[in-house]
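As a plain string of letters, each chain reads:
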Amino acid sequence: MSDCIFCKIADGEIPATVVFEDDELLAFEDVNPRAPVHVLIIPKEHLSTMNDPGPEHETLLGRMMLLASRIAKERGVSEGGYRVLVNCNADGGQEVFHLHMHVIGGRRLGPMA
Ligand code: DGP
């Protein structure tokens, strides 16, 4: 999608600190980290929100979750604990309308707001 900032990151038009990439997924450091570990996982396919995936995206979503687990292990936060979340639309606090999963850890996060 031409005006989507995360599509531009996936296309290499906007720089990001990439931590994982394959043909379907990209993971990169959040520009405004809320914790020592704050990585975003996106599908390269443009899906705007968590409302958009269909049955055909089942494997893709599963791969995103598995990648979150892998990144947490690689960053050394898996045993201490971490949070995986997806914000959806206005009430969910979504700011960038390209589906993304946050992997946040490295400090005591406390209860969900
Ligand atoms: P959300 O509220 O779930 O839509 O969070 C969007 C996140 O995306 C937010 O934590 C900041 C991050 N972000 C926004 N623009 C950029 C960018 O250009 N580069 C990177 N690396 N992260 C960005």
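Before any of the text, the structure's been laid out above.
Keep in mind the model is a prediction, meaning the values are calculated, not measured.

Enquirer: Kindly report on the site of the ligand, identifying the contributing residues and their values.
Expert: Taken together, the neighbourhood of the ligand is formed by 16 residues, with Asp30, Arg34, Glu95, His100 and His102 sitting nearest. Between the ligand and Glu29 there is a distance of 2.9 Å, counted from a nitrogen atom to a backbone nitrogen or oxygen. Interatomic distance of 2.9 Å between a backbone N/O atom of Val96 and an oxygen atom of the ligand. Compared with its free state, where it exposes 510 Å², the ligand has 88% of that area covered by protein.

Enquirer: Help me get a handle on the pattern of salt bridges, residues and values and all.
Expert: Any two side chains of opposite charge can pair, so long as their charged atoms come close to each other. Applying the stated criterion across every chain, the model contains six salt bridges. Among the salt bridges present, the one from Glu29 reaches Arg75, with a minimum N-O distance of 2.4 Å. With Glu29 in strand S2 (residues 25-29) and Arg75 in the loop between helix H2 (58-74) and strand S4 (82-85), this residue pair connects regions lying 46 residues apart in the sequence. Taking relative accessible area as the criterion, Glu29 reaches 26% and is therefore assigned partly exposed. In the salt-bridge network here, residues are joined through shared partners; they are Asp22, Glu24 and Arg63.

Enquirer: Could you give an account of the sheet that holds S4, with specific residues and numbers?
Expert: Ordered in space as S1-S2-S3-S5-S4, the five strands form an open sheet in which the pairing is antiparallel. Two strands bound the open sheet, and with one partner strand each, they are strand S1 (18-21) and S4. Taking each pair of neighbouring strands and ignoring which way they run, the sheet shows an average axis angle of 15 degrees. Relative to S2, S1 is paired through three bridges, and the arrangement is antiparallel. Within the sheet, the bridge partner assigned to Val18 lies in S2 and is Phe28. In the packing of H2 onto the sheet, the strands contacted are S1, S2, strand S3 (37-43), S4 and strand S5 (101-105), and the crossing angle to S3 comes to about 160 degrees.

Procedures and definitions
- Residues numbered from 1 in each chain as written.
- Predicted model: local features only at pLDDT ≥ 70, side-chain atom pairs only at ≥ 80, totals over all residues.
- Heavy atoms only, no water.
- Near = heavy atom within 4 Å.
- Polar contact = N/O pair within 3.5 Å; in protein donor to acceptor, adjacent residues only side chain to side chain.
- Areas by Shrake-Rupley, 256 points an atom, 1.4 Å probe, with all protein chains shown as cover.
- Salt bridge = Lys/Arg side-chain N within 4 Å of Asp/Glu carboxyl O.
- Helix = DSSP H or I, 4+ residues; strand = E, 2+ residues; numbered from the N terminus.
- Buried < 20%, exposed > 50% of the residue type's maximum accessible area, 1.4 Å probe, protein only.
- Pairing = 2+ DSSP bridges.
- Axes fitted to C-alpha atoms, helices over the stretch in contact; angles between N-to-C directions.
- Contact = heavy atoms within 4.5 Å.

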